[in-house]
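Per-entry structural report
Listed here are the chains, written in short residue letters.
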Amino acid sequence: MAKIRMAQYGTKHGHARGKLHAMISNPNVEIAGVFEPDEEQRSKLQANGGWSDDIHWFNKADEMLEDETIIAIASEGNNAESLNQTEQIVNAGKHVWYDKPAGENWEQWQRVIKTAQEKSLLVQLGYMLRYHSSFKQVTEWARSGFLGNVFSVRAHMSTNVPYEARIRISQHTGGIFFDLGGHVLDQIVWMLGRPKKVTSFLRNDGGSIEPFKDNTLTVYEFEKAMAFITISAIEPKPMARRFEVYGTEGSAIIVEPFEPGNTIRLCLQEAKDGYPKGEQFVKIAGEGRQRLYELELEAFLATITGEQPPDRPVSHELLVQETLLRATGLIKS
């Protein structure tokens, strides 16, 4: 394909540096530059280097937004600013590779999606586990009926963040769950659809600055299934991260660590599709974090050039965010 000219808006998201390097390393992308609205942040990055020695830094957003040669922009601001920035990008008529989550303003997010659809633009959320081989395999088994009727999903995706990060994240209702929960919700609602009821326990148990919620449990009730997500910000390193799916004919558990996730524990009630009855460990190539960013970008480019449909429909991108905001209490469940 001809090279796609891209830019990056923002640098404060935790994935921002990795996404920039994914674009730099992709032979089908030409990087026009990066815009960081915080002058202090921009000066620090320019002085310290490490992002890219020869990257161009825009002085104003309009230099990027009004450049008709730029086809797409990676939205990499922090969670408090990224939705506004994404709306600017869409209003400028450009495709968006948007790092999660999609803000706390549900009406604004719906408006952004509506505008993107009217302009025939792609907005692809940065849920990298969509492209993870083990997660793709487990969700395929769940959606196809290979595991029978899925009745339970359990996910644990904790972290350990420093005090400064706790202060920053505390501005968001739901705390650490708002920051990370979308990754596994993206998988759960892809398997099970929209939950009928959401119940949340959002607590401050680690002595973090209030109102930061550092210890969270959210429960999702479906017609014939339940899902449970636990996320904390205070778990000692190395953190345990697990993803478990249970069906009436089998279960599949991604053996930690789920990055790179090289092994799935598969248990089957009866032999099927070449797998024997009982417990077995299925080896998967797996991917590290940077490779997942690269796979995200490859799918994004293939979609905007018409080589493939989006990996997730617009309705799914809306559903993930609605479910996340139901769990944080910003949408009445």
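This is a predicted model, so every value here is computed, not measured.

Turning to the overall build of the protein chain, a few remarks are in order. Along its length, the protein chain carries ten helices and 13 strands. The C-alpha radius of gyration computed for the protein chain amounts to 20 Å, which stays within 12% of the reference 20 Å derived for 333 residues, consistent with globular compactness. For the protein chain, the spread of C-alpha atoms along the three principal axes comes to 60 × 50 × 40 Å. Residue pairs in contact within the protein chain that sit at least 24 positions apart in sequence constitute 70% of those at least 6 positions apart. Just so you have it, the protein chain exposes about 14400 Å², and 47% of that area is on carbon and sulfur atoms. A distance of 5 Å separates the average location of the 37 positive side-chain charges in the protein chain from that of its 44 negative side-chain charges.

A few words on the packing of aromatic side chains. Taken as a whole, this structure holds eight aromatic pairs when the rule is applied. With a centroid separation of 6.3 Å and an interplanar angle of 25 degrees, the aromatic rings of W97 and F300 are classed as stacked. Taken together, the residues span a long stretch of sequence, with W97 in strand 4 (residues 95-98) and F300 in helix 9 (residues 289-304) at a distance of 203 residues. Just as W97 is buried, F300 falls in that class too.

This brings us to the layout of surface pockets. Volume-wise, the largest pocket comes out at about 400 Å³. Forming the walls of the largest pocket are 21 residues, and the residues nearest its centre are G14, K100, R168, D179 and L180. Only helix 7 (163-169) and helix 8 (176-192) provide two or more residues apiece to the lining of the largest pocket. With four residues, the single largest contributor to the lining of the largest pocket is helix 8. When grouped by side-chain class, the residues that make up the lining of the largest pocket number seven nonpolar, eight polar and six charged. Lining the second largest pocket are 15 residues, and of these L122, V123, P310, R312 and V314 sit closest to its centre. Mapped by element, the contributors of at least two residues to the lining of the second largest pocket are helix 5 (106-118), strand 5 (123-125) and helix 10 (314-328). The element that contributes the greatest number of residues to the lining of the second largest pocket is helix 5, accounting for three residues. Split by residue class, the lining of the second largest pocket holds eight nonpolar, three polar and four charged.

Relative to strand 8 (residues 215-221), strand 7 (residues 197-203) runs antiparallel, the two being bridged by seven bridges. Residue pairing across strands places F201 opposite L217, the latter belonging to strand 8. Adjacent in sequence and paired antiparallel, strand 8 and strand 9 (residues 226-232) are bridged by four residues.

A few words now on the side chain of H316. Relative to the elements of secondary structure, H316 occurs in helix 10. Non-local contacts of H316, meaning those with residues more than four positions away in its chain, are made with R130, D186, V189 and W190.

Conventions and cut-offs
- Residues numbered from 1 in each chain as written.
- Predicted model: local features only at pLDDT ≥ 70, side-chain atom pairs only at ≥ 80, totals over all residues.
- Heavy atoms only, no water.
- Helix = DSSP H or I, 4+ residues; strand = E, 2+ residues; numbered from the N terminus.
- Rg over C-alpha atoms; globule rule 2.2 N^0.38 Å.
- Contact = heavy atoms within 4.5 Å.
- Areas by Shrake-Rupley, 256 points an atom, 1.4 Å probe, with all protein chains shown as cover.
- Lys, Arg positive; Asp, Glu negative; His and termini not counted.
- Charge placed at Lys NZ, Arg CZ, Asp CG, Glu CD.
- Phe/Tyr/Trp six-rings, centres within 6.5 Å; stacked < 30°, edge-to-face > 60°.
- Buried < 20%, exposed > 50% of the residue type's maximum accessible area, 1.4 Å probe, protein only.
- 1 Å grid on protein atoms, 1.4 Å probe; cavity = no way out; pocket = protein on both sides within 12 Å on 5 of 7 lines; lining within 4 Å.
- Points joined across faces, edges and corners; volume = space filled by probe spheres on them.
- Nonpolar A, V, L, I, M, F, W, Y, C, P; charged D, E, K, R; others polar.
- Pairing = 2+ DSSP bridges.

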